[in-house]
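# Chain and residue survey
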Amino acid sequence: QVQLVESGGGSVQAGGSLRLSCSASGDSYISYSMGWFRQAPGKEREGVAGIANDGRISYADSAKGRFTISQDSAKKTLYLQMDSLKPEDTAMYYCAATLALYIAPLDPSYIDVWGKGVLVTVSS
């Protein structure tokens, strides 16, 4: 099973940018579809962006045009570039993996493996 470790969280002012990284360990990274999720205090965990094992990408409406998901399979690393950040983007961000193929996961129910998360705080 793959293990996931996020990095790159922090505090930024509205309009700023952050890039999250997720390093995966384990031999089966290419077998997984990957995604980024977030959870704000008092809210349910929600999908932000996903990339399927075949490269298809999906974004939540809140992320379209501002966030970019990408991966370096050779480095077993998933990225989330976040631009034009807003205070409502403040949340814990989680890297996630699923063995469900050909799905760019945005639904938490698909997820088999979660990272521990990183905090992103956007101030106005």
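Heads up: these notes are all about the structure in this document. (Residues numbered from 1 in each chain as written. Predicted model: local features only at pLDDT ≥ 70, side-chain atom pairs only at ≥ 80, totals over all residues. Heavy atoms only, no water.)

## A word on the overall build of the protein chain
- Helix and strand counts for the protein chain come out as zero helices and 11 strands.
- Along the protein chain, helices (α) and strands (β) appear in the sequence β-β-β-β-β-β-β-β-β-β-β when read from the amino end.
- With the principal axes as the frame, the protein chain shows a C-alpha extent of 40 × 25 × 25 Å.
- Looking at the protein chain as a whole, 43% of its 124 residues are labelled buried.
- Pairs at least 24 residues apart make up 62% of the contacts formed inside the protein chain by residues separated by at least 6 positions.
- Of the roughly 6100 Å² that the protein chain leaves accessible, carbon and sulfur atoms contribute 48%. (Helix = DSSP H or I, 4+ residues; strand = E, 2+ residues; numbered from the N terminus. Buried < 20%, exposed > 50% of the residue type's maximum accessible area, 1.4 Å probe, protein only. Contact = heavy atoms within 4.5 Å. Areas by Shrake-Rupley, 256 points an atom, 1.4 Å probe, with all protein chains shown as cover.)

## Here we look at the sheet that holds strand 7 (residues 67-72)
- Pairing within the open sheet is antiparallel, and its four strands lie in the order 1-3-8-7. The open sheet has two free edges, formed respectively by strand 1 (3-7) and strand 7, since each of these has just one partner strand. Sheet twist, expressed as the average angle between the axes of neighbouring strands with direction ignored, equals 15 degrees.
- Pairing of strand 3 (residues 18-25) with strand 8 (residues 77-82) involves six bridges; the strand directions are antiparallel. Within the sheet, the bridge partner assigned to Ser21 lies in strand 8 and is Tyr79. (Pairing = 2+ DSSP bridges. Axes fitted to C-alpha atoms, helices over the stretch in contact; angles between N-to-C directions.)

## Some remarks on the state of the cysteines
- Tallied over the full model, the rule gives one disulfide.
- Between the sulfur atoms of Cys22 and its disulfide mate Cys95 the distance is 2.1 Å. With the S-S dihedral at roughly -75 degrees, the linkage between Cys22 and Cys95 falls on the left-handed side. Of this pair, Cys22 sits in strand 3 while Cys95 sits in strand 9 (residues 91-98); the two residues are 73 residues apart in sequence, bridging distant segments of the chain. Taken individually, Cys22 and Cys95 each receive the classification buried, so the pair is uniform in this respect. (Disulfide = S-S within 2.5 Å.)

## Remarks on unusual backbone geometry
- A positive phi is found at Lys76, a non-glycine position, where the angle reads about 50 degrees.
- Residue Lys76 is classed as partly exposed on the basis of its relative accessible area of 25%.
- Positive phi outside glycine occurs at Tyr102, with the angle close to 60 degrees.
- Within the element layout of this structure, Tyr102 appears in the loop between strand 9 and strand 10 (113-114).

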